Amino acid sequence: MSSTWELKEKSTGELTTTVEGETWKKAQEKTFKKLAKNVNLPGFRKGHAPESLVRKQISTQHILMEAIDEVAGEALSAGVEEHNLQLVARPELGIDSIDEEKVTFKFTVTVKPEVKLGAYKGLDIKKEEVNVTDEDVNAEISRLQDRFAELVVKEDGCVENGDTAVIDFEGFKDGVAFEGGKGENYPLEIGSGSFIPGFEDQVIGMTVDKEQDIVVTFPEDYGAADLAGKEAIFKVTVHEIKEKHLPEIDDELAKDVNIDGVETLDQLKDHIKANIKTRKESENENKFMDDLYKAIVASSKVEDSDALLEQEQGLMLQEVEQNLQRQGLNFEVYQQFTGKSKDDIKEDIKPQAEERVKLNAILAAIIEEEKLAVSDEELETELKTIAEYYQKELDEVKKIFEGNMSRIENDLLTRKAVDLVKDNLK
């Protein structure tokens, strides 16, 4: 076998491989014998007719085309090995030429994108300090105070900001009521922003049993296409107005929150402060890692790869669907709310997917450049960690990853590459 390799654009190229001589003749002979078993000739048992007669029933072209299956895989493997190619997608098979003497395949191959490593050591990325202020704590106390507020019916007066108005409403577009635009005895908190922009502002000032027309314009990106950007009139009646009576900020409020070990206001504040600190540290770490990844990508150049981009978009779409499932939703419901198809989402996440592809390629190049490796002890420790996390026996976890241990190794190597960058920051 002989082969040539030509890299074109976007990490895609042509691998041309020729199979000839004894290898190609044996492939044709093997194919003929397979086809001969299914030939029926009068007077002979199936598969036992003389070869000379059988050959008249099977065209040479048929044999040649079927013989491709016998050598195509071997031809691809030989070419990949000869040119040291690292494939990242399933190759497309094409036939350049074929006859009884030889066959020439032209594989369209997508390879690992070329990376020109820039500076990945000495990056100037800093992690911000975490501070929890009294204002942070007081803001959370205010939210708790609002959460445990008592709604008391107003005997007189009109709807004010912060009140809850119990309303009936029905929406009309061009004088016709539209689906989903009607509600009865709906408790609307004024200022919550839960209704269409402009709706709640116009409820302010209304009094009990007064009917009023409220004119609004639906947002351009509204989920229902027939209403998006359109003007509508809602006929609204207020049945009841409730105002909030906030509880005192004291030990009784702390007890009402019902947190183990919290009985006093001071203990509640300490608990809130600790929670805010944990949240801020998590947000801080996420921002630090995001800044780090952006710096890694910005420091190097990576050849584009449509195949890897498509794969990454597919993985990210799966993440979206899994998140929806965890919320008890499916994609059909999500699409009704957002009006976005899977293709729309893939287009939305394209920039993020491109960054991920580049980051993965750069980290792989760092692994190679630094000759990073995973020891048997490190692999065993990782498997134990997985077993503990999922509360499974170690042997069970090993069986799950049997034959796919490279996935664990790749994860560990990627972490090592990231740690190396972090350890060498300015």
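Engineer: Please explain unusual backbone geometry as it appears in this structure.
Structural biologist: Backbone phi values are negative for most residues with the exception of glycine, while trans is the configuration of most peptide bonds. Positioned with a positive phi, aspartate 174 is a non-glycine residue whose angle comes to about 55 degrees. With respect to the secondary-structure elements, aspartate 174 resides in the loop between strand S7 (164–173) and strand S8 (176–189). In the Ramachandran plot, aspartate 209 falls in the positive-phi region, its phi being about 70 degrees despite a non-glycine side chain. If you trace the backbone, aspartate 209 turns up in the loop between helix H5 (199–203) and strand S9 (211–217). Taking relative accessible area as the criterion, aspartate 209 reaches 60% and is therefore assigned exposed.

Engineer: What should I look at first to understand the sheet that holds strand S2 (residues 12–20) in this one?
Structural biologist: Through backbone hydrogen bonds, the strands of a sheet pair up, either in parallel or in antiparallel fashion. Ordered in space as S1-S2-S4-S3, the four strands form an open sheet in which the pairing is antiparallel. Edge positions in the open sheet fall to strand S1 (2–7) and strand S3 (92–98), since each of these has one partner strand only. Ignoring which end each strand starts from, the neighbouring axes of this sheet average 20 degrees apart. Of the strand pairs in this sheet, S3 and strand S4 (residues 102–110) are connected by six bridges, and their pairing is antiparallel. The residue bridging glutamate 92 from the neighbouring strand is threonine 108, located in S4. Packing against the sheet, helix H1 (residues 21–36) makes contact with S2, S3 and S4, and its axis sits at approximately 80 degrees to S2. In this fold helix H3 (residues 60–82) packs onto S1, S2, S3 and S4, with an angle of close to 55 degrees to the strand it touches most, S4.

About the cut-offs
Residues numbered from 1 in each chain as written. Predicted model: local features only at pLDDT ≥ 70, side-chain atom pairs only at ≥ 80, totals over all residues. Heavy atoms only, no water. Helix = DSSP H or I, 4+ residues; strand = E, 2+ residues; numbered from the N terminus. Buried < 20%, exposed > 50% of the residue type's maximum accessible area, 1.4 Å probe, protein only. Pairing = 2+ DSSP bridges. Axes fitted to C-alpha atoms, helices over the stretch in contact; angles between N-to-C directions. Contact = heavy atoms within 4.5 Å.

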